[in-house]
Amino acid sequence: MIRAASPRRGPKWARAVLTIAAVAVLAVLGYFASAGSAGPLGPADTTTATSSTTDSSSTGSTSTDTSTTSTTTATATTTAPSTTTTTTTTTSTAPAGPEGQIKLAGGKTSIPISSVALPARLIVDGVRFSPSLVASRGQPLSIRVHISDTRGFVVRGALVFVRSTPLVTSTPLEQATDQAGYVTLTALPKQTFPLKRGYHVQFFVRARKEGESLLAGVSGRRLAQVATAR
């Protein structure tokens with residue numbers, strides 16, 4: 001039997017090299033086939049795309065910066081230093097009690113007769129005669145009267161009336177008290193004025209508010225007496 005002659009095979013390493021080369025060729029062909037007719041991107045195309053992307057990013061960044069600046073300008077507030085001013089208000093409080101009060105040097109308070117109204121009343125709290133012992137009918141008799149009210153205020157402008165009882169002196173005209181509540185009236189003894197040791201002549205003293213009844217209102221009364229001698 002005659003066998004056909006078989007081709008001579010090379011060494012194994014040669015076959016391996018050829019196999020690797022064939023695989024490489026197929027890979028290159030497949031790459032170009034997938035790129036299509038446009039072909040693979042070149043270096044110029046890559047640079048252009050990168051530049052375009054960078055410009056777009058830069059444009060977006062500029063737009064954002066502009067928007068932020070506008071918002072900041074609209075909401076910016078200038079704060080001026082504040083000044084706090086403290087104002088001290090002094091309030092004068094009128095003293096409690098009747099109107100028209102005047103503080104006297106002795107510590108008492110004087111009020112006008114207009115500030116005396118019921119239930120307050122006038123008080124004849126002092127009567128002093130000068131001379132305190134009448135020994136002559138030819139000498140005038142001075143009668144000093146002081147008026148206050150039931151609340152303890154000194155009363156100015158109260159009308160004071162004095163007359164002897166029985167009627168043995170002249171009757172002075174009604175007069176008003178001064179700021180300190182005093183008034184001085186003068187009476188002249190008549191010939192019927194008794195001059196006896198240990199004897200006294202009485203006087204009726206009344207204080208009233210002008211315009212009120214002589215028998216009512218805030219008026220006050222009392223009796224006072226002066227000693228006589230021969």
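Residues numbered from 1 in each chain as written. Predicted model: local features only at pLDDT ≥ 70, side-chain atom pairs only at ≥ 80, totals over all residues. Heavy atoms only, no water.

## Some thoughts on the pattern of salt bridges
1) Next: Counted according to the given criterion, the structure contains three salt bridges.
2) Next: For the salt bridge of Asp149 with Arg151, the shortest nitrogen-to-oxygen distance reads 2.8 Å.
3) Next: Here Asp149 falls in the buried class, since its relative accessible area comes to 2%.
4) Next: As a salt-bridge pair, Arg206 and Glu174 come within 3.4 Å of each other at their nearest N and O atoms. Here Glu174 lies in the loop between β7 (159-165) and β8 (175-176) and Arg206 lies in strand β10 (residues 199-208), a separation of 32 residues in the sequence.
5) Next: The exposure class of Glu174 is partly exposed, given its relative accessible area of 28%.
6) Next: A single salt-bridge network, built from bridges that share partners, covers Glu174, Arg206 and Arg208. (Salt bridge = Lys/Arg side-chain N within 4 Å of Asp/Glu carboxyl O. Buried < 20%, exposed > 50% of the residue type's maximum accessible area, 1.4 Å probe, protein only. Helix = DSSP H or I, 4+ residues; strand = E, 2+ residues; numbered from the N terminus.)

## Some thoughts on the packing of aromatic side chains
The description of an aromatic ring pair uses the distance of the two centres, along with the angle that the planes make with each other.
1) Next: Applying the stated criterion across every chain, the model contains one aromatic pair.
2) Next: Taking the centre distance of 5.2 Å and the plane angle of 45 degrees together, the rings of Phe129 and Phe203 count as tilted. Taken together, the residues span a long stretch of sequence, with Phe129 in strand β3 (residues 122-130) and Phe203 in strand β10 at a distance of 74 residues. Taken individually, Phe129 and Phe203 each receive the classification buried, so the pair is uniform in this respect.
3) Next: The positively charged end of Arg144 is found above the aromatic ring belonging to Tyr182, 4.2 Å away from the centroid. (Phe/Tyr/Trp six-rings, centres within 6.5 Å; stacked < 30°, edge-to-face > 60°. Lys NZ or Arg CZ within 6 Å of the ring centre and 35° of its normal.)

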